[in-house]
Amino acid sequence: SKVVKGEEPFDAAAVLTALQALHANAEKVDVDALFPAGSDTGGDTTASPKIWEDMAGFKATNAKYVADVKAAAAAAPADVDALKAQFGAIGSDCGTCHQTYRVKKG
Ligand code: HEC
C-alpha cells in the first residue's frame with residue numbers, strides 16, 4: 001500500500017515477498033473452520049450475519065480474493081505501474097467483502 005501511494009520506493013524483490021506472504025496467508029483462510037455454523041451470534045466481532053445467510057456468496061468472494069492475490073504474486077510486478085494494476089484488484093476485493101459481509105461497530 002505504501003509503495004502504491006508513493007510513500008516508499010518500489011523494490012521489486014520486497015514487493016514480491018509481500019505479495020507472496022499475502023497470498024500464503026490468503027490460502028490459509030479456511031472459511032468452514034473460521035466461520036462455523038452457530039458462531040454468528042455473540043462475541044466481539046464485526047462479522048455480519050450475512051456470512052451465514054449466504055455462505056456460498058461469502059466463499060465465492062473469498063475465492064476471488066485468493067485468486068487475485070495469487071495472480072498478483074505470480075505476475076511479479078516489475079514496476080510501480082504494474083503493481084498498481086494488481087493492487088487495484090486486491091484492494092477492491094477487500095472493500096467488496098467488507099461492504100457485504102462486515103458490519104461497522106457503532
Ligand atoms: C472474503 C471476505 C473478506 C476479504 C476478501 C477481506 N476481508 Fe477483511 N474482514 C472480513 C470480515 C468478515 C471481517 C470481520 C471479522 C470479525 O470481526 O470476526 C474482516 C476484518 C478485517 C479487519 C479487522 C480485523 C480485526 O482484528 O478486527 C481488517 C484490518 C481487515 N479485515 C483487512 C482486510 C484487508 C486489508 C483485506 C484485503 C487485502 C481484507 N480484509 C479482505 C472479510 C474479508
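What you see is a predicted model; the values in this text were computed from it and never measured.

1. Points about the site of the ligand
Link 1 in the chain: Lining the immediate surroundings of the ligand are 13 residues, of which Thr45, Thr46, Cys94, Cys97 and His98 lie closest.
Link 2 in the chain: Measuring from an oxygen atom of the ligand, one finds a backbone N or O atom of Ala47 at 3.5 Å.
Link 3 in the chain: Contacts to the ligand include His98, whose side-chain N or O atom sits 2.8 Å from a nitrogen atom.
Link 4 in the chain: The set of elements that each furnish at least two residues to the shell around the ligand consists of α4 (55-75) and α5 (80-101).
Link 5 in the chain: With five residues, the top contributor of residues to the shell around the ligand is α5.

2. As for the nonpolar core
Link 1 in the chain: Val3, Val15, Leu19, Ala26, Tyr65, Val66, Val69, Ala72, Ala73, Leu83 and Ile90 together form the largest nonpolar core, which totals eleven residues.
Link 2 in the chain: Those elements that place two or more of their residues in this core are α1 (12-28), α4 and α5.
Link 3 in the chain: It is α4 that contributes the most residues to this core, five residues altogether.
Link 4 in the chain: Beyond its immediate sequence surroundings of up to four residues, Tyr65 is in contact with Leu22, Ala26, Ile90 and Asp93.
Link 5 in the chain: If you look at the next biggest cluster of nonpolar residues, it comprises seven residues, including Val31, Ile51, Cys97 and Tyr101.

3. What to know about the environment of Ala72
Link 1 in the chain: Relative to the elements of secondary structure, Ala72 occurs in helix α4.
Link 2 in the chain: Along the backbone, Ala72 and Ala85 are 13 residues apart, and their C-alpha atoms lie at a distance of 8.9 Å.
Link 3 in the chain: The contact partners of Ala72, leaving out residues within four places of it in the chain, are Leu19, Pro77, Gln86 and Ile90.

4. Points about α4
Owing to its 3.6 residues per turn, the α-helix brings residues three or four apart onto one side.
Link 1 in the chain: When the terminal C-alpha atoms of α4 are compared, their 30 Å separation across 21 residues agrees well with the 30 Å that a helix rising 1.5 Å per residue should span.
Link 2 in the chain: Those residues of α4 lying buried are Gly57, Phe58, Thr61, Asn62, Tyr65, Val66, Asp68, Val69, Ala72 and Ala73.
Link 3 in the chain: As for α4, its buried residues are in contact with α1, α2 (31-34), α3 (50-53) and α5.
Link 4 in the chain: Of the residues flanking the end of α4, it is Ala76, one or two places downstream, whose phi is positive at about 45 degrees.

5. Topic: the packing of α1 against α4
Link 1 in the chain: Direction vectors running N to C along α1 and α4 enclose 155 degrees, while the axes themselves pass 9 Å from each other. Classed by the angle they form, the pair α1 and α4 counts as roughly antiparallel. The crossing of α1 and α4 is left-handed. On α4, the residues touching Leu16, Leu19, Gln20, Leu22, His23, Ala26 and Glu27 of α1 are Tyr65, Val66, Val69, Lys70, Ala72 and Ala73.
Link 2 in the chain: Partitioning the contact of α1 with α4 into residue classes produces nine nonpolar, two polar and two charged.

Parameters at a glance
- Residues numbered from 1 in each chain as written.
- Predicted model: local features only at pLDDT ≥ 70, side-chain atom pairs only at ≥ 80, totals over all residues.
- Heavy atoms only, no water.
- Near = heavy atom within 4 Å.
- Polar contact = N/O pair within 3.5 Å; in protein donor to acceptor, adjacent residues only side chain to side chain.
- Helix = DSSP H or I, 4+ residues; strand = E, 2+ residues; numbered from the N terminus.
- Core = buried A, V, L, I, M, F, W, Y, C linked by side-chain atoms within 4.5 Å.
- Buried < 20%, exposed > 50% of the residue type's maximum accessible area, 1.4 Å probe, protein only.
- Contact = heavy atoms within 4.5 Å.
- Expected span 1.5 Å × (residues − 1).
- Axes fitted to C-alpha atoms, helices over the stretch in contact; angles between N-to-C directions.
- Parallel < 35°, antiparallel > 145°, perpendicular 65-115°, else oblique.
- Left-handed = near helix turned anticlockwise from the far one by under 90°.
- Nonpolar A, V, L, I, M, F, W, Y, C, P; charged D, E, K, R; others polar.

On their own, these measurements won't tell you what the molecule is for.
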